[in-house]
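Structure at a glance
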Amino acid sequence: MTDKQVTSGNFILDIVIPCYNEEAMVPGLLRAIGEFKSRTDYTVRVLFVDDGSTDAAPSLLKEACRTDPSLAYVGLSRNFGHQSALSTGLRLTSGAAVAVIDADLQDPLPVLAELVRKWREGFDVVYGVRRKRKESPLHRAAYALHYRLLRLAAEVDLPLDAGDFCVMSRRVVDVLNSLPERSRYVRGLRAWAGFRQTGVPYERDQRTKGKSKYSIPKLLGLAASGYISFSVAPLRLAVWVGLLQILFGVCYGIYALVERLVFRTAPSGWTSLAVLFLLFGGIQVALLGIIGEYIGQIVREVKRRPEAVLSEVLGWPSSEANRQGTAPGELRRIPSSECRQEVSLHDR
Ligand code: UDP
Ligand code: MG
């Protein structure tokens, strides 16, 4: 990709949109994409990654893909989760720039145009920074706390209040695609990838239709994946708690010995024993829990399962699949040399 191509608008922007039961959003989403495309001087392609929806969204999206060759659809064989759907989508892109947005338009497309403008200035990653969230106070507080704690604990420089909404250069997407890990906290991996990164503040709209697809367990899972993938602070905490416990035990032991041998008073009885038993039992279980989280992660990584399995491919990624000679149903990794070759929009 030469600078001249970028300034003349002679490049492809691929937009990856993970969708899970978003039938209510589809008409508005398609309209917004149409408006966005009419205002750009570059080629825009959209890849809908359906994450095992059970509503009418897949048929609506496939219908749209049949009439517009710049739209493409891949369906996952079940609900693998947002980060897996997103990672699968990124592997199937080949544009010089790749954008990530949610299907619910909470990340407004006019802001995306601004992110692309910044990318054209030479940044490799331009992410949206949520300045105001028009969500419930509890939701906002939980997110704010999570981002700040994770930033404190993480070994990479994670920007505050930045979600997955971004535009990335081809080389950053190639880096992400080449990472073998399966538990993917994409916004963290993106920060880890490095190159020139910058944030653009924006106001995150409320979801207009449908409900949030991130249930509390899914949100907690996302947060946990951030800590476990990017921080060993919980393990270090375990070590410090363990050391404190030993120190406390030694002090108490000395106290008990002095009491027994010097003052010859009677043993203090059940209360202290019971308190210590409960206290230490609790601490040990908590530490085992933390270690268990990491072991769980190791097991997942060692298995090296693909993060998702494709059940069908419709639209422009299928031409890539055909060239690779791999049938849909098997997740295939596109080598970065392949990714750089532009795929014809009409090559089906
Ligand atoms: N999503 C997904 N799989 C899931 C959950 C969510 O593909 O298991 C998609 C969803 O359709 C949306 C994006 O991820 O496009 C963000 O989800 P949502 O808007 O529900 O999350 P929130 O904005 O409430 O955090
Ligand atoms: Mg949303």
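Please read all numbers here as calculations on a predicted model, not as lab measurements. (Residues numbered from 1 in each chain as written. Chains lettered and ligands numbered in written order. Predicted model: local features only at pLDDT ≥ 70, side-chain atom pairs only at ≥ 80, totals over all residues. Heavy atoms only, no water.)

**With respect to the overall build of the protein**
This is how the line gets drawn: The way it works is that DSSP assigns letters per residue, a run of H or I at least four long becomes a helix, a run of E at least two long becomes a strand, and they are numbered from the N terminus. Each residue is assigned to one of three classes by its accessible area relative to the maximum for its type, calculated with a 1.4 Å probe on protein chains only: buried under 20%, partly exposed between the two thresholds, exposed over 50%. Residue contacts follow a heavy-atom distance rule, with two residues in contact if any of their heavy atoms lie within 4.5 Å.
Each helix and strand counted, the protein has 13 helices and 8 strands in total. Burial analysis of the protein (348 residues in total) assigns 46% to the buried set. Restricting to contacts in the protein with at least 6 residues of sequence separation, those with at least 24 account for 80%.

**Side note on the site of ligand 1**
Quick reminder of the rule: Any residue with a non-hydrogen atom lying within 4 Å of a molecule or strand is treated as near it. Computed by Shrake-Rupley with a 1.4 Å probe, the accessible areas treat only the displayed protein chains as cover when residues are assessed. Only Asp, Glu, Lys and Arg are considered charged, only Ala, Val, Leu, Ile, Met, Phe, Trp, Tyr, Cys and Pro nonpolar, and every remaining residue, Gly among them, polar.
Taken together, 19 residues lie near ligand 1, and E22, D51, D104, S212 and K213 sit nearest. Here ligand 1 has 530 Å² of accessible area as a free molecule, and 97% of this is covered by the chains. The class makeup of the residues in the shell around ligand 1 is 6 nonpolar, 5 polar and 8 charged.

**Some words on the pairing of strand β1 (residues 12-19)**
Inclusion rule: Should DSSP find at least two bridges between two strands, the strands are taken to pair. Every crossover in which the path from the first strand over the helix to the second runs clockwise, viewed with the strands pointing away from the viewer, is termed right-handed.
Extensive coverage of β1 is indicated by the burial of 8 of its 8 residues. Neither face of β1 is open: one carries I12, D14, V16 and P18, the other L13, I15, I17 and C19, and all of them are buried. Summarising the sheet, β1 and strand β2 (residues 43-50) pair through 8 bridges and their orientation is parallel. Directly across from L13, in β2, lies its bridge partner V44. For the crossover from β1 across helix α2 (residues 26-38) to β2, the handedness is right-handed. Of the pairings in the sheet, the one linking β1 to strand β4 (residues 97-100) comprises 4 bridges and is parallel in character. Its bridge partner lying in β4, I15 is registered against A99.

**Focus on unusual backbone geometry**
Even without a glycine there, the phi angle at N21 is positive, about 50°. Inspection of the secondary structure puts N21 in the loop between β1 and α2.

**Details of empty space enclosed by the protein**
To be explicit about the condition: Buriedness of a pocket was judged along seven lines, with at least five required to meet protein on both sides within 12 Å; pockets are open sets of points on a 1 Å grid over the protein atoms alone, cavities are sets where a 1.4 Å probe fits but cannot get out, and lining residues have an atom within 4 Å of a point. Grid points are joined across faces, edges and corners, and a volume is the space filled by probe spheres set on the points.
Enumeration according to the criterion identifies 2 cavities of 30 Å³ or more in this entry. Volume-wise, the largest cavity comes out at about 70 Å³. Along the walls of the largest cavity sit Y147, L150, R151, L158, P159, L160, A162, Y185, R187 and R190, which together make up its complete lining. For the lining of the largest cavity, the elements supplying multiple residues, two or more each, are α6 (137-153) and α8 (186-193). It is α6 that contributes the most residues to the lining of the largest cavity, 3 residues altogether. Among the residues forming the lining of the largest cavity, the class breakdown is 7 nonpolar, no polar and 3 charged.

**A closer look at the coordination of the magnesium ion (ligand 2)**
The test is simple: For Na, K and Ca the donor cutoff is 3.2 Å, while for all other metals N, O and S atoms must lie within 2.8 Å; water is not among the atoms, so some sites may look incomplete.
Around the magnesium ion (ligand 2), the protein contributes the donor atoms D104 (OD) and Q106 (OE1), at 1.9 Å from the metal centre. When sorted by exposure, D104 lands in the same class as Q106, which is buried.

**Some points on the nonpolar core**
Selection rule: In this description, a nonpolar core means a group of buried Ala, Val, Leu, Ile, Met, Phe, Trp, Tyr and Cys residues linked to one another through side-chain atoms lying within 4.5 Å.
Ranked by internal contacts, the top residues of the largest apolar core, which has 39 residues, are L47, V49, V74, L90, M168 and L176. In terms of residue count, the dominant contributor to this core is α8 (4 residues). Grouped together as the second largest cluster of nonpolar side chains are 38 residues, Y42, C65, A99 and V111 included.

**What to know about the side chain of D51**
The line we're drawing: The positive count covers Lys and Arg only, the negative count covers Asp and Glu only, and His and the chain ends enter neither. We define a salt bridge as a contact between a side-chain nitrogen of Lys or Arg and a carboxyl oxygen of Asp or Glu at a distance within 4 Å. Any pair of nitrogen or oxygen atoms within 3.5 Å is treated as a polar contact; in protein, a donor-acceptor pairing is required on top of that, and neighbouring residues in sequence qualify only through side-chain atoms on both sides.
By the element assignment, D51 lies in the loop between β2 and α3 (57-67). Within the buried set, D51 has no salt-bridge partner at all; the shortest N-O distance to an opposite charge, 5.6 Å, is to K218. Looking at D51, its side chain comes within polar contact range of the side chain of N79, at 2.9 Å. Separated by 3.0 Å, the side chain of D51 and the backbone nitrogen of G81 make a polar contact. Apart from residues lying up to four places away in sequence, D51 is in contact with C19, Y20, L76, R78, N79, F80, G81, H82 and A85.

**Considerations on the environment of L287**
One can find L287 in helix α11 (residues 270-303). Residue classification places L287 among the buried positions, given a relative accessible area of 15%. Remark: the alpha-carbon pair of L287 and L237, spanning 50 residues in sequence, is separated by 9.0 Å.

**Points about the packing of aromatic side chains**
The geometry of an aromatic ring pair comes down to the distance between the two centres and the angle between the two planes. Let me state the cut-off plainly: Between 30 and 60 degrees the pair is tilted, below 30 it is stacked and above 60 it is edge-to-face, where a pair is any two Phe, Tyr or Trp rings, Trp via its six-membered ring, whose centres lie within 6.5 Å. The rule for a charge over a ring is simple: NZ of Lys or CZ of Arg within 6 Å of the ring centre, and within 35 degrees of the ring normal.
Scanning all chains against the criterion turns up 5 aromatic pairs. For the pair F11 and W119, a centre-to-centre distance of 4.9 Å together with 55° between the ring planes defines the contact as tilted. A residue pair is termed long-range when its members are at least 10 positions apart, and F11 in the loop between α1 (3-8) and β1 and W119 in helix α5 (residues 109-120) qualify at 108 residues. Ring centres of F165 and Y202 lie 5.2 Å apart, and the angle between their planes is 70°; this geometry places the pair in the edge-to-face category. Residue F165 is located in strand β6 (residues 162-169), and its partner Y202 is located in strand β7 (residues 197-204); the two are separated by 37 residues in the primary sequence. The exposure class assigned to Y202 is buried, which follows from its relative accessible area of 2%. The structure contains a cluster of three or more aromatic residues connected by ring pairs, namely F11, Y42 and W119. When the ring centre of F123 is taken as reference, the NZ or CZ atom of R196 above it lies at 4.3 Å.

**Focus on the environment of S136**
Looking at where S136 falls in the secondary structure, it is placed in the loop between β5 (125-133) and α6. Residue classification places S136 among the partly exposed positions, given a relative accessible area of 39%.

**Things to note about the confidence of the model for the protein**
Note the threshold: Predictor confidence is given residue by residue as pLDDT, running from a minimum of 0 to a maximum of 100.
Overall, the predicted model of the protein reaches an average pLDDT of 82, with 84% of residues at or above 70. Within the model, pLDDT remains below 50 along residues 324-348, and this stretch shows 59 contacts once partners closer than five positions in the same chain are excluded.

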